[in-house]
Amino acid sequence: MTTVDVLLGTVREWIAGAGRLCVLTGAGMSAESGVPTFRDALTGLWARYDPQQLATEEGFRANPQLVWDWYALRRTGVSRAQPNLGHVAIAQWEAAHPGGLTLVTQNVDDLHQRAGSCEVICLHGAIFEDRWLDDCRRRARGEPSCDTQWARPGSPPRCGECGNPVRPGVVWFGEALPQHALAAAQRAAAECDVMLVVGTSGAVHPAAGLPVLARRAGARVAIVNPGPSEIDDAADVLLRGTAAELLPKLLG
Ligand code: OAD
């Protein structure tokens, strides 16, 4: 038996005895589906592209077409990807233990949902959602906001009346997380018995603070990651392996 097998056995026992399981996922969760991570040395998006240019409001205002086209390419990549065995293992565990699992993700893809996970707390928004860059002027006049579906096609699509551009519904650097999602994630972290942290570098807060919150509240924390992360200190157990390899063994 290898060390990983022994540790897997331990974490499986914790999960079996847990009233509440919380799973926090990051980009590594979808890596085996072919969706690139952000910070892996050679393949990560931020190793090849400038996040200042592509993942900030200032970057979008400076060059909306470049940013829109980049997200359009990523949307295509995600729509061609399929959930992997890790996504499926989480969804199946949730189905077998109604009310026993809270899934919190930093991912903007929809692979958890397509694997069958019903309630996913999306901390960083959703890549397939559209929203206006600026508040709709109609809303300021007390009228219903224009629907982004009516936008004039383009790169980016724009409001036919005022030219307001459509932007992807993801959280960019410097922006606040959706308040209800963050509050629900913090509640889940504080109330769980076991937290599984899968495929995140732990570089981005407040998501990276959730395992610390869980541990302080008395939960056991296990990290599934083939490499080190910035939050390894918050874990009781480090499981060195990939999401698609280890999650079926942990949750199967
Ligand atoms: P990162 O790219 O920062 O980290 C990915 C992590 O996944 C690394 O620690 C890898 O070692 C690990 N990893 C790689 N392949 C894996 C596999 N097959 N199984 C398990 N783990 C694997 O991604 P995040 O931590 O998710 O923001 O990044 C956090 C946020 O930064 C993202 O949500 C994104 C980005 O800017 C937004 O999109 C708003």
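Residues numbered from 1 in each chain as written. Predicted model: local features only at pLDDT ≥ 70, side-chain atom pairs only at ≥ 80, totals over all residues. Heavy atoms only, no water.

J.: Kindly report on the pattern of salt bridges, identifying the contributing residues and their values.
T.: All told, the structure shown has 10 salt bridges when counted by the stated rule. Where Asp 110 meets Arg 114, a salt bridge forms, and the shortest distance between an N and an O atom there is 3.2 Å. Look at Asp 110 and you get partly exposed, because its relative accessible area is 22%. Judged by relative accessible area, which is 35%, Arg 114 ranks as partly exposed. Salt-bridge contacts for Glu 175 lead to Arg 167; the nearest nitrogen and oxygen are separated by 2.7 Å. Through salt bridges with shared partners, one network takes in Glu 57, Arg 61 and Asp 134. (Salt bridge = Lys/Arg side-chain N within 4 Å of Asp/Glu carboxyl O. Buried < 20%, exposed > 50% of the residue type's maximum accessible area, 1.4 Å probe, protein only.)

J.: Quick rundown of helix H9 (residues 179–191)? Include the residues and the values.
T.: Over its 13 residues, H9 runs 18 Å from end to end, which matches the ideal 18 Å to within 8%, given 1.5 Å per residue. All of the buried residues along H9 are Ala 181, Leu 182, Ala 184, Ala 185, Ala 188 and Ala 189. Down the axis of H9, the smallest arc covering the buried residues is 165°, so these residues share one side. Of the residues in H9, the exposed ones pointing more than 90 degrees away from the buried face are Gln 179 and His 180. (Helix = DSSP H or I, 4+ residues; strand = E, 2+ residues; numbered from the N terminus. Expected span 1.5 Å × (residues − 1). Arc of directions from axis to C-beta.)

J.: Explain the confidence of the model for the chain residue by residue, including any values.
T.: Of all residues in the chain, 100% have pLDDT values of 70 or greater, and the mean over the chain is 97. Taken element by element, the chain is modelled with least confidence in helix H8 (residues 137–140), mean pLDDT 87, and with most confidence in strand S1 (residues 21–25), mean pLDDT 99. (pLDDT = per-residue confidence, 0-100.)

J.: Hey, could you go over the sheet that holds strand S8 (residues 237–239) for me, with residue numbers and the actual values?
T.: What the 6 strands build is an open sheet, ordered S3-S2-S1-S6-S7-S8; its pairing is parallel. In this open sheet, the two edge strands, each paired with only one partner strand, are strand S3 (120–122) and S8. Averaged over all pairs of adjacent strands, the angle between their axes in this sheet comes to 20°, without regard to strand direction. Of the pairings in the sheet, the one linking strand S2 (residues 101–105) to S3 comprises 3 bridges and is parallel in character. (Pairing = 2+ DSSP bridges. Axes fitted to C-alpha atoms, helices over the stretch in contact; angles between N-to-C directions.)

J.: A description of the packing of aromatic side chains should follow, citing residues and the corresponding values.
T.: Tallied over the entire structure, the rule returns 7 aromatic pairs. Ring geometry for Phe 60 and Trp 172: centres 5.5 Å apart, planes at 35°, overall tilted. Linking Phe 60 in helix H4 (residues 57–62) with Trp 172 in the loop between strand S5 (166–170) and H9, this pair joins segments that are 112 residues apart in sequence. Of the two residues examined, Phe 60 and Trp 172, each falls in the buried class. Among the aromatic residues, those joined into a cluster by ring pairs are Phe 38, Trp 46, Tyr 49, Phe 60, Trp 70, Tyr 71, Trp 172 and Phe 173. Note that Arg 167 overlies the ring of Trp 172, its terminal NZ or CZ placed 3.8 Å from the centroid. (Phe/Tyr/Trp six-rings, centres within 6.5 Å; stacked < 30°, edge-to-face > 60°. Lys NZ or Arg CZ within 6 Å of the ring centre and 35° of its normal.)

J.: How would you explain the site of the ligand if you had to name every residue and give the values?
T.: Taken together, 22 residues surround the ligand, and among them Phe 38, Arg 39, Thr 200, Ser 201 and Asn 225 come closest. Between the ligand and Phe 38 there is a distance of 2.7 Å, counted from an oxygen atom to a backbone nitrogen or oxygen. Thr 200 is positioned with one of its side-chain polar atoms (N or O) 2.6 Å from an oxygen atom of the ligand. Split into classes, the residues belonging to the shell around the ligand amount to 9 nonpolar, 10 polar and 3 charged. (Near = heavy atom within 4 Å. Polar contact = N/O pair within 3.5 Å; in protein donor to acceptor, adjacent residues only side chain to side chain. Nonpolar A, V, L, I, M, F, W, Y, C, P; charged D, E, K, R; others polar.)

J.: Hey, could you go over the packing of helix H6 (residues 85–96) against helix H11 (residues 243–251) for me, with residue numbers and the actual values?
T.: Direction vectors running N to C along H6 and H11 enclose 25°, while the axes themselves pass 7 Å from each other. Relative to H11, the element H6 is oriented roughly parallel. When the axes of H6 and H11 are compared, the crossing they make is left-handed. Residues Leu 85, Gly 86, Ala 89, Ile 90 and Trp 93 of H6 form the contact with H11, whose participating residues are Ala 243, Ala 244, Leu 247, Pro 248 and Leu 251. For the contact of H6 with H11, the per-class residue count stands at 9 nonpolar, 1 polar and no charged. (Parallel < 35°, antiparallel > 145°, perpendicular 65-115°, else oblique. Left-handed = near helix turned anticlockwise from the far one by under 90°. Contact = heavy atoms within 4.5 Å.)

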